[in-house]
Amino acid sequence: MRRQLVAGNWKMNCSVGEAVQLATAVRECLGSVVGVDVAVCPSFVALQSVYEVLEDTPVSVGAQDVFYEDAGAYTGAISPLMIEGLCRYAIVGHSERRKWFGEDEQSTSRKVSALRRHGITPILCVGESLEENLAGKTREVLVRQLEGALGGSTPWNEIVVAYEPVWAIGTGKAAEADQVNDTVSEIRGQIGTIWDVDTARDIRILYGGSVTSENVASFVGMSEIDGTLVGGASLRADEFCQIVFQSASMRKKGALD
Ligand code: 13P
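Since we're looking at a predicted model, the values are computed, not measured.

S.K.: Go over the pattern of salt bridges with me, naming the residues and quoting the values.
M.R.: Following the criterion strictly, the structure yields 17 salt bridges and no others. The residue Arg188 makes a salt bridge to Glu224 at a minimum N-O spacing of 2.6 Å. Of this pair, Arg188 sits in helix H8 (residues 177-194) while Glu224 is found in the loop between helix H10 (216-220) and strand E8 (227-230), placing the two residues 36 residues apart along the sequence. Salt bridges sharing partners connect three or more residues here, namely Arg2, Arg188, Glu224 and Asp226.

S.K.: So what's going on with the site of the ligand? Which residues, and what values?
M.R.: Neighbouring residues of the ligand: Asn9, Lys11, His94, Glu164, Ala168, Ile169, Gly170, Gly209, Ser210, Leu229, Gly231 and Gly232. Asn9 is positioned with one of its side-chain polar atoms (N or O) 3.0 Å from an oxygen atom of the ligand. Gly170 has a polar backbone atom sitting 2.6 Å from an oxygen atom of the ligand. In the shell around the ligand, the residues fall into 3 nonpolar, 7 polar and 2 charged.

S.K.: With reference to specific residues and values, describe the pairing of strand E3 (residues 59-63).
M.R.: Most of E3 sits out of view: 5 of its 5 residues are buried. Burial along E3 is two-sided: the face carrying Val59, Val61 and Ala63 and the face carrying Ser60 and Gly62 are both buried. The sheet contact formed by strand E2 (residues 37-41) and E3 spans 3 bridges and is parallel. From the neighbouring strand, Val40 faces E3, where its bridge partner is Val61. For the crossover that starts at E2, traverses helix H2 (residues 44-54) and ends in the parallel E3, the hand is right-handed. Two strands pair when backbone bridges link them, and E3 and strand E4 (residues 89-92) are joined in this way by 2 bridges, in the parallel orientation. Bridge assignment links Gly62 to a residue of E4, and that residue is Tyr89.

S.K.: So what about helix H5 (residues 105-117)? Which residues, and what values?
M.R.: The end-to-end C-alpha separation of H5 is 19 Å, in line with the 18 Å expected for 13 residues at 1.5 Å each. Turning to H5, its buried residues number three or more, namely Glu105, Ser107, Thr108, Ser109, Lys111, Val112, Ala114 and Leu115. Summarising the contacts, the buried residues of H5 are in contact with helix H3 (80-83), E4, helix H4 (95-101), strand E5 (121-126) and helix H7 (138-150). A distance of 3.2 Å separates the backbone nitrogen of Gln106 from a side-chain oxygen at the start of H5, and that oxygen is part of Asp104.

S.K.: Any details on the sheet that holds E8? Residues and values, ideally.
M.R.: Taken in spatial order, the 8 strands close into a barrel running E1-E2-E3-E4-E5-E6-E7-E8, and their pairing is parallel. Each strand of the sheet is rotated relative to its neighbour by a mean of 25 degrees, with strand direction disregarded. In this sheet, strand E7 (residues 204-208) lies alongside strand E6 (residues 160-163) in parallel orientation, the contact comprising 4 bridges. Each residue of the ladder has a partner; that of Val161, found in E7, is Ile205. Sitting on the sheet, H5 touches E4 and E5, and the angle it makes with E4 is about 170 degrees. Sitting on the sheet, H7 is in contact with E5 and E6, with an inclination near 155 degrees to E5.

The rules behind each value
- Residues numbered from 1 in each chain as written.
- Predicted model: local features only at pLDDT ≥ 70, side-chain atom pairs only at ≥ 80, totals over all residues.
- Heavy atoms only, no water.
- Salt bridge = Lys/Arg side-chain N within 4 Å of Asp/Glu carboxyl O.
- Helix = DSSP H or I, 4+ residues; strand = E, 2+ residues; numbered from the N terminus.
- Near = heavy atom within 4 Å.
- Polar contact = N/O pair within 3.5 Å; in protein donor to acceptor, adjacent residues only side chain to side chain.
- Nonpolar A, V, L, I, M, F, W, Y, C, P; charged D, E, K, R; others polar.
- Buried < 20%, exposed > 50% of the residue type's maximum accessible area, 1.4 Å probe, protein only.
- Pairing = 2+ DSSP bridges.
- Right-handed = clockwise from strand over helix to strand, strands pointing away.
- Expected span 1.5 Å × (residues − 1).
- Contact = heavy atoms within 4.5 Å.
- Axes fitted to C-alpha atoms, helices over the stretch in contact; angles between N-to-C directions.

Okay, structure coming up:
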């Protein structure tokens, strides 16, 4: 059975001191959380400090990105080797990386492979823009992104995929849960085509885009959605913890049904 994952993407927010404060508040409410996997993804400069706050708790640490080489003349880059002791997860292919830093299918694919070599679980983000959505190109875009990132590699059920429609990110306009469920089902089908059906069945697929404690239950109650990737709402410990608790209890209810 796929276990729910709630990951907080702190994006380019928080000084190191603020990140430690936020992580400490998360530790206070989630220090003994059960029934759900939880991760927070601070900036690179705060990774070590946040790791120390959350060490020995069920809350894992993730990076927001990574480069695909281990070492060398790559000014400004952070390698998987540098984060491997600290991070259980690393986000790759986020639409903000694609938009502001020119990332594409090829670099994302190399990042996925590099993380795999280092035993770090990628959270691979895919999703269409508003224009693509309105032009009926959602499926085409997702197929291209998934094929680009995963095609040519051997099946790996550890990877996590996050469906993040770009128009729902940071807008307060989350997608409709039943539509997300259908799209996630298509993503799973596509992974089944690229790899195989058994692997696709095991892979966790999250939803991201304006998730809050108000709407999270509608997403995690859906059969295909295995958790959430939370941006803005993860910057408030009380709100993030509410999201996690709701995800944990929803899972238990699902298991009893
Ligand atoms: P928001 O939750 O702020 O919409 O951000 C979603 C996101 O991009 C998570 O990676």
